[in-house]
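What the coordinates show
For reference, the chains in residue letters:
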Amino acid sequence: MNIDSLRAFVKIVECGSMTRAAEALMVAQPALSRRLRELEEELGKPLFLRSGRQLQITPFGNEVLQHARTVLAELDLIERLRISNSNEMRVLRVGASLTTLSRFVPLVISRFRNMEPNVDIVVQTGVSQEIFDMVADGRVELGVVSAASQHRFIVRRFLFRDSLWAVCPADHPLSELREVNPKHLHDVPLVTMTSRTVLRQDLNAVFSTYGVKPRICMEIDNVDAIQRMVEAHLGVSLLPKSVLSPAIESYKIKAVPFVVDEARMGDSLFRQYSVIHLDAPLSEDAERWMAVCMDVARQFAAE
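Note that this is a predicted model, so its numbers are computed, not measured.

**Structural notes on the pattern of salt bridges**
Applying the stated criterion to the full structure yields 17 salt bridges. A salt bridge links R139 to D137, with the shortest nitrogen-to-oxygen separation between them at 3.0 Å. Linked through salt bridges whose partners overlap, the residues forming this network are R90, E116, E284, D285 and R288.

Right under this line is the structure:
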């Protein structure tokens, strides 16, 4: 039985479509279809029911899937054993959402490299939903995200809960307040992340609920650049506490807790930082990365 055909079958199930599975395996779709057809011919039964472009796994396919995952997991373990007993460099591909890149992910990478000098880390970035897609497609083995989402084949492991703070120049009137609420931001120049981010979408919902119209003066998908714009007196911002530099005072800016009425908004503004991966066995390097993430998360939760 061809191992490539088994991998193709499992990847089609995980990705939910032939197109996405072909992209994840970096093969042409006709070649992927051929592998699946050859496997079905060898097994003597269909693995999927086909309706146009839709694929629905058959009961027989579900049985084969469980065994195929076991076989592939054992083969992966043998390959990891081979690699761990060699001196060759290994590669760990990780996705990171935009707000995790400022402080959290760099700390994880630094600690991980001290532990695993023979592992090259390749980081791909995007908004949280894009990171979920990268994991689902197999482009990265793990993702670090700051927004919750649901996906049939993805496991989400909670890291820590983060709150939003208003960031303003040290001499701004808001810096004198003990806390900032949405009404304080009416017609205030605001430097925000772009509307493609979950954070911005959540803020839009808050402003709409409160009938507040901030003056969006700048949109940037880089939290460090946002803080620099605030320092330059170009506006104020709302950012997760975890992205704020420990040396924020030297930026000549101040952070004040941002509060909303929980009866009206619930906990929708709290960021839920998590590590995500496919519901399948992880490589040893990925397991170590996960452990470092948990360790750094404890540090952030204690701040």
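**Some thoughts on the packing of aromatic side chains**
In total, this model carries six aromatic pairs according to the counting rule given. Geometrically, the ring pair formed by F9 and F48 is edge-to-face, given 5.7 Å between the ring centres and 70 degrees between the ring planes. Of this pair, F9 sits in helix α1 (residues 3-15) while F48 is found in strand β1 (residues 48-51), placing the two residues 39 residues apart along the sequence. The pair F9 / F48 is uniform in exposure class, with both members buried. Measuring from centroid to centroid gives 5.5 Å for F104 and F300, while their planes differ by 75 degrees, and the two rings are edge-to-face.

**As for the environment of R90**
Relative to the assigned elements, R90 resides in strand β3 (residues 90-97). Exposure remark for R90: the relative accessible area of 16% places this residue in the buried category. Separated by 132 residues in the primary sequence, R90 and N222 have C-alpha atoms spaced 29 Å apart.

**Concerning the confidence of the model for the protein**
Here the protein averages 87 in pLDDT, and 93% of its residues register 70 or above. Taken element by element, the protein is modelled with least confidence in helix α9 (residues 262-265), mean pLDDT 62, and with most confidence in strand β8 (residues 189-192), mean pLDDT 96.

**Section: helix α3 (residues 29-43)**
Here α3 contains 15 residues, and its C-alpha end-to-end distance of 21 Å stays within 8% of the 21 Å for a straight helix at 1.5 Å per residue. Restricting attention to buried positions, one finds in α3 the residues A31, L32, L36, L39 and E40. Packing partners of the buried residues in α3 comprise α1, α2 (18-25) and β1. A positive phi of about 85 degrees marks G44, the residue just after α3.

**Some thoughts on empty space enclosed by the protein**
With the rule as written, the count across this model stands at two cavities of 30 Å³ or more. Here the largest cavity is characterised by a volume of approximately 120 Å³. Lining the largest cavity are 14 residues, and of these T99, S128, S146, T197 and V198 sit closest to its centre. Each residue belonging to the lining of the largest cavity can be placed in one class, and the counts come to seven nonpolar, six polar and one charged. Around the second largest cavity sit T192, M193, L199, R200, L203, I226, S237, L238 and L239, which together line it. Among the elements of the structure, α7 (198-210) and β10 (237-240) are those that each provide at least two residues to the lining of the second largest cavity. Residue composition of the lining of the second largest cavity, grouped by class: six nonpolar, two polar and one charged.

**A word on the pairing of strand β7 (residues 164-169)**
Taking burial as the measure, the six residues of β7 include six buried ones, the bulk of the element. In the sheet, β7 pairs with β10 via four bridges, with the strands oriented antiparallel. Residue pairing in the sheet places W165 in a bridge with L239 of β10. Pairing between β7 and strand β11 (residues 253-257): five bridges, direction antiparallel. Residue pairing for β11: W165 is matched across the bridge by P257.

Rules used throughout
Residues numbered from 1 in each chain as written. Predicted model: local features only at pLDDT ≥ 70, side-chain atom pairs only at ≥ 80, totals over all residues. Heavy atoms only, no water. Salt bridge = Lys/Arg side-chain N within 4 Å of Asp/Glu carboxyl O. Phe/Tyr/Trp six-rings, centres within 6.5 Å; stacked < 30°, edge-to-face > 60°. Helix = DSSP H or I, 4+ residues; strand = E, 2+ residues; numbered from the N terminus. Buried < 20%, exposed > 50% of the residue type's maximum accessible area, 1.4 Å probe, protein only. pLDDT = per-residue confidence, 0-100. Expected span 1.5 Å × (residues − 1). Contact = heavy atoms within 4.5 Å. 1 Å grid on protein atoms, 1.4 Å probe; cavity = no way out; pocket = protein on both sides within 12 Å on 5 of 7 lines; lining within 4 Å. Points joined across faces, edges and corners; volume = space filled by probe spheres on them. Nonpolar A, V, L, I, M, F, W, Y, C, P; charged D, E, K, R; others polar. Pairing = 2+ DSSP bridges.

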